[in-house]
Amino acid sequence: MARKAFNVQGINQKVDLPILSEKQVALSVKREDLIHPFISGNKYRKLKYNILEAKQRGLDTILTFGGAYSNHIAATAYAGKLYGIRTIGVIRGEELSRNWMHNPTLAQAHEHGMNFKFVSRTAYREKADRSFLEVLEKEFGQYYLIPEGGTNLLAVKGCEEILTQEDKGFNVICSSVGTGGTLAGIINSSFNYQRIIGFPSLKGDFLKKDIRNFTAKENWEINTDYHFGGYAKVSEELLIFINYFKEKTNIPTDPVYTGKLLFGILDLVKNDYFKPGTKILAIHSGGLQGVAGMNLVLKKKNLPLIKV
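Criteria and cut-off values
Residues numbered from 1 in each chain as written. Predicted model: local features only at pLDDT ≥ 70, side-chain atom pairs only at ≥ 80, totals over all residues. Heavy atoms only, no water. Helix = DSSP H or I, 4+ residues; strand = E, 2+ residues; numbered from the N terminus. Rg over C-alpha atoms; globule rule 2.2 N^0.38 Å. Buried < 20%, exposed > 50% of the residue type's maximum accessible area, 1.4 Å probe, protein only. Contact = heavy atoms within 4.5 Å. Areas by Shrake-Rupley, 256 points an atom, 1.4 Å probe, with all protein chains shown as cover. 1 Å grid on protein atoms, 1.4 Å probe; cavity = no way out; pocket = protein on both sides within 12 Å on 5 of 7 lines; lining within 4 Å. Points joined across faces, edges and corners; volume = space filled by probe spheres on them. Nonpolar A, V, L, I, M, F, W, Y, C, P; charged D, E, K, R; others polar. Core = buried A, V, L, I, M, F, W, Y, C linked by side-chain atoms within 4.5 Å. Pairing = 2+ DSSP bridges. Axes fitted to C-alpha atoms, helices over the stretch in contact; angles between N-to-C directions. Expected span 1.5 Å × (residues − 1).

Visitor: Could you give an account of the overall build of the chain, naming the residues involved and the relevant values?
Guide: A count of helices and strands for the chain gives 12 helices and 10 strands. Expected size for 308 residues packed as a compact globule is a radius of gyration near 19 Å; at 19 Å, the chain falls within 12% of this value. With respect to the principal axes defined by its C-alpha atoms, the chain has extents near 60 × 45 × 40 Å. Split into buried and exposed, the 308 residues of the chain put 55% on the buried side. Long-range pairs, those at least 24 residues apart, make up 73% of the contacts in the chain with a sequence separation of at least 6. Accessible surface computed for the chain: about 14,100 Å², of which carbon and sulfur atoms make up 50%.

Visitor: Could you give me a rundown of the layout of surface pockets, with the residues and numbers involved?
Guide: A water-sized probe, rolled over the atoms, reveals where empty space remains. One number sums up the size of the second largest pocket: a volume of about 210 Å³. Lining the second largest pocket we find Leu17, Ile19, Glu237, Phe241, Tyr244, Phe263, Leu266, Asp267 and Lys270. Listing elements by their share of the lining of the second largest pocket, those giving two or more residues are helix H10 (236–249) and helix H11 (258–270). For the lining of the second largest pocket, the leading source of residues is H11, giving four residues. Along the lines of polarity and charge, the residues of the lining of the second largest pocket split into six nonpolar, no polar and three charged.

Visitor: Account for the nonpolar core, with residues named and values stated.
Guide: Counting residues in each nonpolar core, the largest one holds 33 residues, and the members touching the most others are Leu27, Ile265 and Ile280. Looking at this core, the elements that each hand over two or more residues are strand E2 (26–31), strand E7 (172–177), strand E8 (195–200), H10, H11, strand E10 (279–284) and helix H12 (291–300). Per-element tally for this core: the top contributor is H11, with seven residues. Excluding anything up to four places from it in sequence, Leu27 contacts Gln13, Lys14, Val15, Leu20, Leu262, Ile265, Leu266, Ile280 and Ala282. Core analysis: the next-biggest nonpolar cluster, separate from the first, contains 18 residues, Leu163, Ala184, Leu207 and Ile222 among them.

Visitor: Break down the sheet that holds strand E4 (residues 86–92) for me, citing the residues and quoting the values.
Guide: Pairing is parallel in the open sheet, where four strands are placed in the order E5-E4-E3-E6. In the strand order of this sheet, the two ends are held by strand E5 (115–119) and strand E6 (144–145), each with one partner. Along the sheet, helix H6 (residues 130–140) contacts strand E3 (61–66), E4, E5 and E6; its crossing angle with E3, the most-contacted strand, is approximately 135°.

Visitor: Got a sec to walk through H10? Specific residues and values, please.
Guide: With 14 residues, H10 ought to run about 20 Å at 1.5 Å a step, and its terminal C-alpha atoms sit 20 Å apart, in line with that. Buried within H10 we find Leu238, Leu239, Phe241, Ile242, Asn243, Phe245, Lys246 and Thr249. For H10, the elements touching its buried residues are strand E1 (11–15), H11 and H12. Taken from the residues just after H10, Asn250 is the one with a positive phi, measuring 60°.

Visitor: Provide a residue-level description of the side chain of His284, including the pertinent values.
Guide: One can find His284 in strand E10. Overall, the relative accessible area of 1% leaves His284 in the buried class. Here His284 is in contact with Val29, Lys30, Arg31, Glu32, Asp33, Ile251, Pro252, Thr253 and Thr258, once residues within four sequence places are set aside.

Visitor: Can you break down the environment of Ala123 residue by residue, with the values?
Guide: Looking at where Ala123 falls in the secondary structure, it is placed in helix H5 (residues 121–124). Spatially, the C-alpha atoms of Ala123 and Arg92 are 8.5 Å apart, while their sequence positions differ by 31 residues.

Visitor: Quick one: what's the story with the sheet that holds strand E9 (residues 220–222), residue by residue and with numbers?
Guide: Paired through their backbone hydrogen bonds, the strands of a sheet run either parallel or antiparallel. Read across the open sheet, the six strands follow the order E1-E2-E10-E7-E8-E9; overall the sheet is mixed. Because the sheet does not close on itself, it has two edges, and the strands there are E1 and E9. Between one strand axis and the next, the sheet turns through 25° on average, direction left out of account. Bridge analysis of E7 against E8 gives six bridges, and the strand direction is parallel. When the sheet's bridge partners are listed, Ser176 is paired in E8 with Phe199. Contacts from H11 reach E2, E7, E8 and E10, with the element oriented near 165° to E10.

Visitor: Explain unusual backbone geometry residue by residue, including any values.
Guide: The phi angle at Phe228 is positive, at roughly 55°, despite the residue not being glycine. Its location among the elements puts Phe228 in the loop between E9 and H10. For Asn250, which is not a glycine, the phi torsion comes out positive at approximately 60°. Checked against the element boundaries, Asn250 lands in the loop between H10 and H11. A relative accessible area of 53% means that Asn250 is categorised as exposed.

This is the structure in structure tokens:
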């Protein structure tokens, strides 16, 4: 793949479902999941300027953090391969050191050149402490640090490029929320008359403070009603919806982020949250690589598998 691979834009796909016609609401999905086969969606955006910064500093190693099925880990590994940068993934859970090769995300990241350091969950909570980072530097040498989830100022700058002039006709922009960087970038590049709604995968209302670290605008809100119990938590209702949505629209979603996002949007439409005539744009932030790992978990629980 050409090294100019980051210069792309997601396309908007109109969704045609009976509930949208009934409520006279238009919904389109910006297919950021299609901009790269491995560095998918918002991870693509978040890494763009961080990769350039690492190169500019003359650093040949990127170190970052993530869990067993992390989209960020998968994307960073391939970005390192693409740009000739060594990648180190500090992975939450020492037990994974014994069977990571059976984990689809980690196996793929390793195939793309990432080296792992598995740490206990207690140690992982120290990932932002200077002393912990210094220990890692002694072990791996000087590195460019990207935080868990990839969110920093340069990541937000990259996510500001998700929206374009072609999106000015939408009244409402909706996005899933993990660490808040993607939503902050969307807020920054939105038009003032647009309303931005974030749908977190995590329980709690703490993300507002984090997002305000990256934006001064006020045309946004967080809806905490569709996390389904928290990060990586799912229900049979959500799984059935994800497969229904794929069947009707040919748009695959994941159970951690985009599935919950689209479920939330359509539930709000059903309950007349949006006025007739509203034009909604949902940001598909990728994350489909995690479906294979989730399906392994779902199979053990005898729950419906996700179709992609």
